[in-house]
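# Remarks on the overall topology
The primary structure of each chain is shown beneath.
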Amino acid sequence: MAKVEIKYCTQCRWLLRSAWMAQELLSTFEQEITELSLLPASGGIFEVSANGQLVWSRKQQGRFPEITELKQAVRDAIAPDKPLGHADKKPSAV
């Protein structure tokens, strides 16, 4: 069973974004996630960890994740064999 943490900057007002992403993760991984924590912080931080492993860092990536990217990163850390349906499909070339 998995523990997920979302650390977000309160100064930047990222609570709603963090809560929405938490809701999406809980809906997708309802059987795998046993605990999901929102951790208020400061300094522009936005990080997501699964079982202690950093799976997304706004500072390292230079941006916020698309929700499908975040689901894939969390899946890879906690349930690598779980299919994500349409979230696994790559966008078609234009």
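Note that this is a predicted model, so its numbers are computed, not measured.

### Notes on the sheet that holds strand β3 (residues 46–50)
- Ordered in space as β2-β1-β3-β4, the four strands form an open sheet in which the pairing is mixed. Two strands lie at the open edges of the sheet, namely β2 (33–41) and β4 (53–57), each paired on one side alone. The mean angle between the axes of side-by-side strands here comes to 20°, regardless of whether they run parallel or antiparallel.
- Judged from the four bridges that link them, β3 and β4 form a sheet pairing that is antiparallel. Looking across to β4, one finds that E47 is bridged to S57.
- On top of the sheet, helix α1 (residues 15–28) reaches β1 (2–9), β2 and β3; it is set at about 170° to β2, its chief contact.
- Sheet strands in contact with helix α3 (residues 67–78) are β1, β2, β3 and β4, and its direction is about 170° off that of β4.

### Description of unusual backbone geometry
- Not every positive phi belongs to a glycine, and R13 is a case in point at roughly 65°.
- Looking at the element boundaries, R13 is found in the loop between β1 and α1.
- Classification of R13 by relative accessible area gives exposed; the value is 72%.
- For N51, which is not a glycine, the phi torsion comes out positive at approximately 50°.
- Mapped onto the elements of the fold, N51 is located in the loop between β3 and β4.

So, how was this worked out
- Residues numbered from 1 in each chain as written.
- Predicted model: local features only at pLDDT ≥ 70, side-chain atom pairs only at ≥ 80, totals over all residues.
- Heavy atoms only, no water.
- Pairing = 2+ DSSP bridges.
- Helix = DSSP H or I, 4+ residues; strand = E, 2+ residues; numbered from the N terminus.
- Axes fitted to C-alpha atoms, helices over the stretch in contact; angles between N-to-C directions.
- Contact = heavy atoms within 4.5 Å.
- Buried < 20%, exposed > 50% of the residue type's maximum accessible area, 1.4 Å probe, protein only.

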